[in-house]
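# Summary of structural features
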Amino acid sequence: MKGNILQIVVLAILTGICITILGDRVSEFKKIIADSKQIIFKMVSVVMKIIPLIIFLSIVKTILVYSLDELFTIWKIIAANYISFTIIPLSMLLLISLKHNVKIRDFLREIYPACLITFTTSSGSASMPQNIEICKKKFGINENLCDFYIPLSHALCPIPSTIGIIIYIFFASEFSGLEMTIFQLIIVAFLSVQFAISTPGENGGIIATMTLLLTQFGFSLDSIGLMMASNVFIVNISGVIGIIVRDCDLYDLSRAK
């Protein structure tokens, strides 16, 4: 009831260990656990279907309840993200331009089809097959390297999501009135990035999952609503930035001697 799930996690781990040790002696209990799992999966399925409505209502509530000064937090989050989204890919593009004599305009023209798919679908996964083909055929990168690096980096190195999460947490803590030290902010950001790695889907699903963590640190639900509202203006472009950074890094890696 108070949002403290630590004791539940410890008890669950201990229960799992004991079931494993006892083996067939608790076969009936194992069956109960298996049946309960099906119920939980169905519950999660139902909740996932209504989450878009919950997010929409959260955004509407935030807009109706708070003043213009408070809503300005949304635009600060958006501005900070776009500044970061400009600096990081530009740095990567300048790196390959200077290091490998690549024309930035030509490089962007080649990866444009994959970027367009990501921007219009809000999904980096949707453009992955196209992106792999571009890297193989247009840049002449080894097929095995493309097939290994692009899917793996997409799942394990969500650079735009990481940037967005750190910015979200900074402004959300300010909005919630939390006096957090730099070290505490780093810890929360680090844990949130783990959510970004382990959570399927784009930023919206990650933020929804992060709610479980942030409420433990005292973040208000309204601050999380602000994060969701600002994410509407960021999610499409963040996927494009991810492709640019990933392809620049892959290009540089493929040319390494």
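Here, the structure is the one placed above.
Residues numbered from 1 in each chain as written. Predicted model: local features only at pLDDT ≥ 70, side-chain atom pairs only at ≥ 80, totals over all residues. Heavy atoms only, no water.

## Some words on the packing of helix H4 (residues 104-121) against helix H5 (residues 128-137)
So the rule is basically this: Angular values range over 0 to 180 degrees, each being the angle between N-to-C directions of two axes fitted as lines to C-alpha atoms, with helices fitted over their stretch in contact. Helix and strand assignments follow DSSP, with helices taken as H or I runs no shorter than four residues and strands as E runs no shorter than two, numbered in order from the N terminus. Roughly parallel here means an angle under 35 degrees, roughly antiparallel means over 145, roughly perpendicular means 65 to 115, and every remaining angle is called oblique. Contacts are assigned to residue pairs that have any heavy atoms within 4.5 Å of one another. In the scheme used here, Gly and all other residues not listed as nonpolar or charged are polar, with Ala, Val, Leu, Ile, Met, Phe, Trp, Tyr, Cys and Pro taken as nonpolar and Asp, Glu, Lys and Arg as charged.
Their axes nearest at 9 Å, the elements H4 and H5 cross at an angle of 175°. The orientation of H4 relative to H5 falls into the category roughly antiparallel. Mapping the contact onto sequence places Glu110, Ile111, Pro113, Ala114 and Ile117 in H4 and Gln130, Asn131 and Ile134 in H5. Tallied by class, the residues present in the contact of H4 with H5 amount to five nonpolar, two polar and one charged.

## Overview of helix H10 (residues 221-231)
Applicable threshold: Residue exposure (1.4 Å probe, protein chains only): buried if accessible area is under 20% of the type maximum, exposed if over 50%, otherwise partly exposed.
With respect to burial, H10 is a largely interior element, ten of its eleven residues being buried. Along H10, the positions that sit buried rather than exposed are Asp222, Ser223, Ile224, Gly225, Leu226, Met227, Met228, Ala229, Ser230 and Asn231.

## A short note on the pattern of salt bridges
If the charged atoms of two oppositely charged side chains come close together, the side chains can form a pair. The test is simple: Take a side-chain nitrogen of Lys or Arg and a carboxyl oxygen of Asp or Glu: if they are within 4 Å of each other, that pair is a salt bridge.
Within the structure shown, the criterion is met by six salt bridges. Of the charged contacts, one joins lysine 31 and aspartate 35 as a salt bridge, the two residues approaching to 3.4 Å between their closest N and O atoms. Remark: aspartate 35 and lysine 31 occur in helix H2 (residues 27-65); sequence separation between them is four residues, near one turn of the helix. Residue glutamate 143 pairs with lysine 136 through a salt bridge whose shortest N-O separation is 3.9 Å. Using a relative accessible area of 21% as the deciding quantity, one classes lysine 136 as partly exposed. A cluster of three or more residues bridged by salt bridges with shared partners is formed by Lys136, Glu143 and Asp147.

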